[in-house]
Amino acid sequence: MNRKYRKTIIAGNWKMNMVASQVKHFAEELKTLSPRAKWCETVVCVPFVNIPAALKAFKDSRVAVGAENINENEKGAYTGEISANMLADLGVKYVIIGHSERRQYYGESDITVNKKVHSALKAGLYPIVCVGESLEQRELGVTLELITLQVRTALAGIPAEKMRRIVIAYEPIWAIGTGKTATAEQANEVCNAIRTVIRKNYGARIARAVTIQYGGSMNEGNARELLAQPDIDGGLIGGASLIPEKFAKIIAAANQDVI
Ligand code: PGA
């Protein structure tokens, strides 16, 4: 983390878990456990149908609500899809784009990711753009080239003045939901490489200000060490974000409090 130059953001990704009627209880517990995040911004990214309940439950708190996906088009004949505008209209702030599960199961390419980033920004949302390598790619030694390409493609055509809205999440695929975490050094190396790509394209001032999260089995036990790295400015958390006690401890680690 580097609180001087950029925001620390702890974001939960509920994936396809929880039903709307569980949201209120979750929110009450989290608010009790984590009354005031001093430094870090806290986000819960929830399934579409849970969004109204989450907005209501977190209304009086500093927890922002995010979505887990959007369609890349502004509107039209795309049965079953949800646009960025629809989310912005509800009061959603963040949206996860290009999560590896979307890439793997729903065929999202870097080009689709780029279109979604443009759509999200146009609607006024804050995209959390996910990038990450597979185990095979890491073992082949192509991680940094691959991540560079993913970041450059995701950000293609994004003007400098919009960059303050973008969050990048480095999520090695082999660490997601597996209990295997990248070491703090491995994670920081890639987050630093991402900042270098941004610096080359947008200059030092913007690169210094972009929040870069780590995701992949981040939990209450390893968060502090990961977040102590200079280029890791937060976390995108799956499993541990579903349990208020665990999520609150990660938020506390970002605030360097002990609870
Ligand atoms: P995990 O998921 O924390 O359960 O590994 C992270 C993510 O997919 O964003």
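Above this text you will find the structure in question.
Conventions adopted
- Residues numbered from 1 in each chain as written.
- Predicted model: local features only at pLDDT ≥ 70, side-chain atom pairs only at ≥ 80, totals over all residues.
- Heavy atoms only, no water.
- Buried < 20%, exposed > 50% of the residue type's maximum accessible area, 1.4 Å probe, protein only.
- Helix = DSSP H or I, 4+ residues; strand = E, 2+ residues; numbered from the N terminus.
- Pairing = 2+ DSSP bridges.
- Core = buried A, V, L, I, M, F, W, Y, C linked by side-chain atoms within 4.5 Å.
- Contact = heavy atoms within 4.5 Å.
- Axes fitted to C-alpha atoms, helices over the stretch in contact; angles between N-to-C directions.
- Expected span 1.5 Å × (residues − 1).
- Near = heavy atom within 4 Å.
- Polar contact = N/O pair within 3.5 Å; in protein donor to acceptor, adjacent residues only side chain to side chain.
- Areas by Shrake-Rupley, 256 points an atom, 1.4 Å probe, with all protein chains shown as cover.
- Nonpolar A, V, L, I, M, F, W, Y, C, P; charged D, E, K, R; others polar.

### Concerning the pairing of strand S5 (residues 126-131)
Among the 6 residues in S5, 6 count as buried, and that is most of the element. Burial of S5 is two-sided: the residues Tyr126, Ile128 and Cys130 facing one way and the residues Pro127, Val129 and Val131 facing the other way are all buried. Judged from the 4 bridges that link them, strand S4 (residues 94-97) and S5 form a sheet pairing that is parallel. Looking at S5, one finds that Tyr94 is bridged to Tyr126.

### Regarding unusual backbone geometry
Comment: phi is negative for the bulk of residues other than glycine, and the bulk of peptide bonds are trans. One non-glycine residue, Met18, adopts positive backbone phi at about 75 degrees. Given a relative accessible area of 23%, Met18 falls into the partly exposed group. Even without being glycine, Ser217 reaches a positive phi, approximately 55 degrees. Relative to the assigned elements, Ser217 resides in the loop between strand S7 (211-215) and helix H10 (223-227).

### Side note on the nonpolar core
The biggest cluster of nonpolar side chains holds 69 residues, and the ones touching the most others in it are Ile168, Ile194 and Ile198. In terms of residue count, the dominant contributor to this core is helix H8 (residues 184-202) (8 residues). Setting aside anything within four residues of it in sequence, one finds Ile168 in contact with Val129, Val131, Leu155, Ile194, Ile198, Val210, Thr211, Ile212 and Gln213. Judged by nonpolar contacts, the second largest core, of 13 residues, contains Ala11, Cys130, Val167 and Ala169.

### Examining the sheet that holds S7
Neighbouring strands of a sheet are bound in pairs by backbone hydrogen bonds; such pairs are parallel or else antiparallel. One closed barrel holds the 8 strands; their spatial order is S1-S2-S3-S4-S5-S6-S7-S8, and the pairing between them is parallel. Taking each pair of neighbouring strands and ignoring which way they run, the sheet shows an average axis angle of 25 degrees. Two strands pair when backbone bridges link them, and strand S2 (residues 41-45) and strand S3 (residues 63-67) are joined in this way by 4 bridges, in the parallel orientation. If you follow Cys45 over to S3, its bridge partner there is Gly66.

### As for helix H5 (residues 110-123)
Its 14 residues give H5 an end-to-end C-alpha distance of 20 Å, which sits within 8% of 20 Å, the value for a rise of 1.5 Å per residue. If you follow the buried residues of H5, they end up packed against helix H3 (84-90), S4, helix H4 (100-106), S5 and helix H7 (143-154). After H5 finishes, the residue Gly124 shows a positive phi value of roughly 90 degrees.

### Structural notes on the site of the ligand
Surrounding the ligand, one finds 13 residues, the nearest of these being Lys15, His99, Glu171, Gly177 and Ser217. Between His99 and the ligand, the recorded distance is 2.6 Å, taken from a side-chain N or O atom to an oxygen atom. For the ligand, an oxygen atom lies 2.8 Å from a polar atom in the backbone of Gly238. Protein coverage of the free-state accessible area of the ligand, which is 280 Å², stands at 94%. Residues of the shell around the ligand, tallied by class, amount to 4 nonpolar, 7 polar and 2 charged.

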